[in-house]
Amino acid sequence: MYEDDGATAADVERTAFRRAEKKYKLYYDQNSKKKKQPRPVDLSAVIDFKSIVESFNQTGKTPPGVYALNNGFGHPVFGLEKHPGFYFIHGALSVEEQCWWIRESLTNFPQPPNRTNHSTFYGPIYDLFSAARERKVLVEEESSPESGLVSNKGARRWNFHEQTATSFHGSTGKAIAASVLLRRLRWSTLGLQFDWSKRNYNVSLPHNKIPEALCQLAKKMTAPAMPVGEEFQPEAAIVNYFGLGDMLGGHLDDMEADWSKPIVSLSLGCKAIFLLGGKTRQDEPLAMFLRSGDIVLMAGEARECFHGVPRIFTDDSHAEIAPLETHLSSEADNCFLEYIRASRININIRQVF
């Protein structure tokens with residue numbers, strides 16, 4: 001997972017994949033005297049499966065290098081001739097489903113025993129989204145045998161407090177707003193937990209099974225990439241959270257035992273650019289748009305291809321989240337809407353063994 005193939009930093013900077021990342025990455029014009037303006041980027045070479053679907057529905061034809069699967073799946077499924085095992089399903093999730101998985105990704109998926117990028121430093125954090133909504137602060141408290149407070153390090157524990165409190169009894173004075181932690185949330189892991197320090201799945205770590213609804217969705221959506229008669233077995237998932245300016249560098253997902261089984265990737269929130277390269281970083285990658293509700297499958301040879309996300313779009317003219325804004329317009333959903341207007345969430349589901 002996220003294999004770096006042993007390349008040095010200098011080697012990576014000279015590759016075709018890195019040049020593509022720099023081409024699409026968010027940069028700002030330094031000469032602007034007004035508010036920072038994103039530097040214009042040429043998007044003419046980016047594959048747009050939304051347009052491909054619209055054209056295919058009218059003419060039954062696809063552009064060169066793209067083909068449609070005829071499998072009675074219920075959604076148009078497209079493949080790329082030069083990337084066997086890669087499949088794109090545009091608009092696979094309804095707006096209602098997208099909103100459901102956005103809520104789950106922010107409220108339930110970061111809950112312990114699931115691990116996040118915050119776990120190593122802060123230990124288990126419960127109800128982060130609720131704490132952010134209630135404007136709470138995470139405070140480091142001094143622990144002692146008398147207090148009964150025990151942490152993952154045995155020396156400290158972090159708890160949420162009301163932000164209005166002028167002092168926190170028994171605290172060390174270290175604190176951070178829950179809203180800041182939420183914006184700094186980069187990943188959470190579901191099911192079998194991935195040990196980032198050892199780069200493998202650690203079956204001994206406490207974990208819950210992947211939620212049944214997510215399992216059923218993954219089994220349904222992976223059907224086009226599975227051998228006849230076989231069913232995908234979801235065992236682990238990684239949820240990535242992207243904010244403005246964030247990117248996911250080129251990598252391989254290579255820690256699962258059977259690469260013939262697909263990774264199913266769900267996109268939620270703001271539109272992004274996805275790069276699909278070849279078996280080395282020297283191979284020129286293809287760029288394509290990922291919109292909320294799109295699903296990508298990567299199986300077989302496609303599992304050996306470098307891929308990444310160099311850019312998300314949060315501006316009104318490119319984000320394309322108007323349907324989400326409509327469905328998240330109630331007062332109860334205001335916090336979800338505020339988050340997703342400037343974010344993208346990606347759920348990657350895997351069969352480990």
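As shown above, the structure is provided for reference.
The text that follows walks through the structure, step by step, so that each part is easy to find. (Residues numbered from 1 in each chain as written. Predicted model: local features only at pLDDT ≥ 70, side-chain atom pairs only at ≥ 80, totals over all residues. Heavy atoms only, no water.)

Observations concerning the overall build of the protein chain
Step number 1: Within the protein chain one finds eleven helices and 17 strands.
Step number 2: Out of the 353 residues in the protein chain, the part that is buried amounts to 50%.
Step number 3: Counted over contacts in the protein chain with a minimum sequence separation of 6, partners at least 24 positions apart contribute 74%.
Step number 4: Of the roughly 17200 Å² that the protein chain leaves accessible, carbon and sulfur atoms contribute 50%. (Helix = DSSP H or I, 4+ residues; strand = E, 2+ residues; numbered from the N terminus. Buried < 20%, exposed > 50% of the residue type's maximum accessible area, 1.4 Å probe, protein only. Contact = heavy atoms within 4.5 Å. Areas by Shrake-Rupley, 256 points an atom, 1.4 Å probe, with all protein chains shown as cover.)

A closer look at helix α3 (residues 49-59)
Step number 1: For α3, the full list of buried residues reads Phe49, Ile52 and Val53. Viewed end-on, α3 has its buried residues packed into an arc of 100°, placing them on one side of the element.
Step number 2: Close packing links the buried residues of α3 with β1 (66-68), β2 (78-80), β3 (83-89) and β14 (286-290).
Step number 3: Trailing α3 by a residue or two, Gly60 shows a phi angle of about 75°, which is positive. (Arc of directions from axis to C-beta.)

Some details on the nonpolar core
Step number 1: Ranked by internal contacts, the top residues of the largest apolar core, which has 56 residues, are Leu214, Ile347 and Ile349.
Step number 2: Sequence-distant contacts of Leu214, defined by excluding residues within four places in its chain, comprise Trp101, Phe109, Leu190, Leu266, Ile347 and Ile349.
Step number 3: Listed in part, the 22 residues of the second largest apolar core include Phe242, Leu248, Ala272 and Ala302. (Core = buried A, V, L, I, M, F, W, Y, C linked by side-chain atoms within 4.5 Å.)

Points about the sheet that holds strand β11 (residues 248-251)
Step number 1: Spatially, β11-β16-β13-β14 is the arrangement adopted by the four strands of the open sheet, whose pairing is antiparallel. Two strands lie at the open edges of the sheet, namely β11 and β14, each paired on one side alone. On average, adjacent strands in this sheet sit at an angle of 25° to one another, irrespective of strand direction.
Step number 2: Bridge count between strand β13 (residues 272-276) and β14: five bridges; the pairing is antiparallel. Paired with Ile273 across the two strands is Phe289, which belongs to β14. (Pairing = 2+ DSSP bridges. Axes fitted to C-alpha atoms, helices over the stretch in contact; angles between N-to-C directions.)

Some remarks on the pattern of salt bridges
Step number 1: Applying the stated criterion across every chain, the model contains 18 salt bridges.
Step number 2: Between Glu320 and Lys50 there is a salt bridge, with the nearest N and O atoms lying 3.9 Å from each other. Taken together, the residues Glu320 in the loop between α9 (316-319) and α10 (322-327) and Lys50 in helix α3 connect sequence positions 270 residues apart.
Step number 3: Glu320 sits in the partly exposed class, given a relative accessible area of 32%.
Step number 4: Arg303 is the salt-bridge partner of Glu256, the closest N and O atoms lying 2.6 Å from each other. Here Glu256, found in the loop between β11 and β12 (263-269), pairs with Arg303, found in the loop between β15 (295-298) and β16 (307-312); they are 47 residues apart in sequence, far enough to count as distant. (Salt bridge = Lys/Arg side-chain N within 4 Å of Asp/Glu carboxyl O.)

Some details on the sheet that holds β12
Step number 1: Taken together, the eight strands give an open sheet; going across it, the order is β1-β2-β3-β15-β12-β17-β10-β7, and neighbouring strands pair in antiparallel fashion. Two strands close off the open sheet at either side, each with one partner strand: β1 and β7 (187-191). Neighbour to neighbour, the strand axes of the sheet diverge by 20° on average, direction disregarded.
Step number 2: Relative to strand β17 (residues 343-350), β12 runs antiparallel, the two sharing six bridges. Across the sheet, residue Ser267 finds its bridge partner in β17, namely Asn346.

Digging into the packing of aromatic side chains
Step number 1: Applying the stated rule across the entire model yields twelve aromatic pairs.
Step number 2: A cation sits over an aromatic face here: Lys271 above Phe289, 4.3 Å from the ring centre. (Phe/Tyr/Trp six-rings, centres within 6.5 Å; stacked < 30°, edge-to-face > 60°. Lys NZ or Arg CZ within 6 Å of the ring centre and 35° of its normal.)

Section: unusual backbone geometry
A negative phi angle characterises most non-glycine residues, just as the trans form characterises most peptide bonds.
Step number 1: The step from Pro112 to Pro113 runs through a cis peptide bond, and the omega angle for that step is 10°.
Step number 2: On the secondary structure map, Pro113 appears in the loop between α4 (95-107) and α5 (119-122).
Step number 3: The phi torsion at Glu320 lies on the positive side, around 55°, for a residue other than glycine.

Regarding the environment of Arg199
Step number 1: Among the secondary structure elements, Arg199 is positioned in the loop between β8 (193-195) and β9 (200-202).
Step number 2: With a relative accessible area of 27%, Arg199 lands in the partly exposed category.
Step number 3: On a C-alpha basis, the gap between Arg199 and Met255 in space is 7.6 Å, while along the polypeptide they are 56 residues apart.
Step number 4: In this structure the side chain of Arg199 is engaged in a polar contact, spanning 3.4 Å, whose partner is the side chain of Asp254. (Polar contact = N/O pair within 3.5 Å; in protein donor to acceptor, adjacent residues only side chain to side chain.)

With respect to the side chain of Asn240
Step number 1: As for its position among the elements, Asn240 is in strand β10 (residues 236-243).
Step number 2: In this structure the side chain of Asn240 is engaged in a polar contact, spanning 3.3 Å, whose partner is the side chain of Asn348.

Function cannot be inferred from these measures alone, as they are strictly geometric.
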